[in-house]
Each structure stands twice: as C-alpha cells, then as structure tokens.
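Tertiary structure, described
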Amino acid sequence: MFTVFTIVLYAVTAVLTVWSIVDTIRNRPAGKMLLGVAALLLLLLIVQLVVSIVAFSSTHDVDPLLFFGYVITAILVMALAGFWAFAELSRWGPGVLAAAGLTVAVMIERMDQIWL
C-alpha cells in the first residue's frame with residue numbers, strides 16, 4: 001500500500017468515526033454530510049482495491065487471498081453500514097457508522113501490515 005493513501009484512509013475513517021460517535025451521543029440520525037463522508041470512505045476503499053490490483057504484479061510476498069479478502073470485506077462493511085445508517089432514522093444509524101469506522105480502521109492497519 002502507499003503511505004500517503006493509507007494516511008488519507010486513516011484520516012477519513014477517524015473523521016467518520018468521531019462524527020458518528022458525536023451524533024450518536026447527541027441522539028441525532030445520520031445526516032447527509034455524515035452519509036457523504038461514509039460514501040467518500042467507501043469510494044477511497046474502492047480506489048484502494050483498484051490500485052492494489054494494478055500494483056499487485058510488482059509484489060511477491062503478499063498473500064492475495066488474505067489481502068484482497070480484507071479489502072473486499074472493508075468495502076462490504078462500509079456499504080452495508082452506510083445503507084443501514086441511511087435506513088435507520090434513530091440515533092443508532094450513526095452508531096452503526098461508528099462501529100463500521102472502527103472496524104475499517106483496524107482492517108486498514110491489517111492491510112498495511114500484510115502489504116509490507
């Protein structure tokens with residue numbers, strides 16, 4: 001993985017997670033801006049999948065099943081959490097996004113470890 005891109009992923013994930021936690025505590029449903037940040041993170045994860053596929057030919061020590069399993073699972077987690085937050089009009093919509101943000105942050109760290 002690329003260091004700058006990994007830092008961008010961490011930053012967007014942190015913004016999403018903190019914002020979601022604040023909205024959950026304030027008992028607010030997920031607004032358009034919060035869902036937009038979730039969509040941005042989903043888009044960045046899809047970009048990471050494409051970049052990883054292109055860069056995979058130059059690496060030899062990466063287990064493809066393990067690495068791409070993490071990438072695809074992170075994409076699915078964010079897509080499902082975003083849909084759930086959009087459909088859930090209570091405080092638990094942002095709560096689901098906060099849990100997904102924490103999960104994806106751990107998965108990004110693990111992907112970085114696998115790639116190196």
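Shown above is the structure to which this text applies.
Residues numbered from 1 in each chain as written. Predicted model: local features only at pLDDT ≥ 70, side-chain atom pairs only at ≥ 80, totals over all residues. Heavy atoms only, no water.

Considerations on the overall build of the protein
- What the protein contains, in helices and strands, is 4 helices and 0 strands.
- Listing the helices and strands of the protein from first to last along the sequence gives α-α-α-α.
- The C-alpha atoms of the protein give a radius of gyration of 15 Å, which matches the 13 Å a tight globule of 116 residues would have.
- Burial analysis of the protein (116 residues in total) assigns 41% to the buried set.
- A fraction of 76% describes how many contacts in the protein between residues 6 or more apart in sequence connect residues 24 or more apart.
- Looking at the protein as shown, the accessible area adds up to about 6,600 Å², and 75% of this sits on carbon and sulfur atoms.
- Of the side chains in the protein, 5 bear a positive and 6 a negative charge, and the two mean positions are spaced by 20 Å. (Helix = DSSP H or I, 4+ residues; strand = E, 2+ residues; numbered from the N terminus. Rg over C-alpha atoms; globule rule 2.2 N^0.38 Å. Buried < 20%, exposed > 50% of the residue type's maximum accessible area, 1.4 Å probe, protein only. Contact = heavy atoms within 4.5 Å. Areas by Shrake-Rupley, 256 points an atom, 1.4 Å probe, with all protein chains shown as cover. Lys, Arg positive; Asp, Glu negative; His and termini not counted. Charge placed at Lys NZ, Arg CZ, Asp CG, Glu CD.)

Concerning helix α3 (residues 64–87)
- Helix length check: α3, at 24 residues, gives a terminal C-alpha distance of 34 Å against a target of 34 Å (1.5 Å per residue), a fit within 8%.
- Three or more residues of α3 are buried, namely F67, F68, V71, A74, I75, M78, A81, G82 and A85.
- For α3, the secondary structure elements touched by its buried residues are α1 (3–25), α2 (32–55) and α4 (92–115). (Expected span 1.5 Å × (residues − 1).)

Quick notes on a nonpolar patch on the surface
- Nonpolar side chains collect at one region of the surface, where F2, L40, L43, V47 and V51 lie side by side and expose about 410 Å² of accessible area between them.
- Along the chain, V47 turns up in helix α2.
- Judged by its relative accessible area of 35%, V47 is partly exposed. (Patch = residues over 30% accessible without salt bridge, like charges linked within 9 Å, V, L, I, M, F, W, Y side chains within 5 Å. Salt bridge = Lys/Arg side-chain N within 4 Å of Asp/Glu carboxyl O.)

Thoughts on the side chain of S20
- Looking at the secondary structure, you find S20 in helix α1.
- The exposure class assigned to S20 is buried, which follows from its relative accessible area of 0%.
- Within the local environment of S20, its side chain forms a polar contact with the backbone oxygen of L16, the two atoms lying 2.7 Å apart.
- Apart from residues no more than four positions distant in its own chain, S20 is found in contact with L34, P94, L97 and A98. (Polar contact = N/O pair within 3.5 Å; in protein donor to acceptor, adjacent residues only side chain to side chain.)

Points about unusual backbone geometry
- Unusually for a residue other than glycine, N27 sits at a positive phi of about 60°.
- Within the secondary structure, N27 sits in the loop between α1 and α2.

With respect to the packing of α1 against α2
- It is the contact of α1 with α2, at a shortest axis distance of 10 Å, that shows an interaxial angle of 155°. Classified by the interaxial angle, the pair formed by α1 and α2 is roughly antiparallel. Our pair here, α1 against α2, has a crossing hand that is left-handed. Here α1 contributes F5, V8, L9, V12, T13, V15, L16, W19, S20 and D23 to the contact with α2, which in turn contributes M33, L34, V37, A38, L40, L41, L44, L45, V47 and Q48.
- Taken together, the residues of the contact of α1 with α2 sort by class into 16 nonpolar, 3 polar and 1 charged. (Axes fitted to C-alpha atoms, helices over the stretch in contact; angles between N-to-C directions. Parallel < 35°, antiparallel > 145°, perpendicular 65-115°, else oblique. Left-handed = near helix turned anticlockwise from the far one by under 90°. Nonpolar A, V, L, I, M, F, W, Y, C, P; charged D, E, K, R; others polar.)

Comments concerning the packing of α2 against α3
- Here α2 crosses α3 at 160°, and the two axes come no closer than 10 Å. Put simply, α2 runs roughly antiparallel to α3. The handedness of the crossing between α2 and α3 is left-handed. Listed contacts from α3 to L35, A38, L41, L42, L45, I46, Q48, L49, S52 and I53 of α2 are F67, F68, V71, I72, A74, I75, M78, A79, G82, A85 and F86.
- Residue composition of the contact of α2 with α3, by class: 18 nonpolar, 3 polar and no charged.

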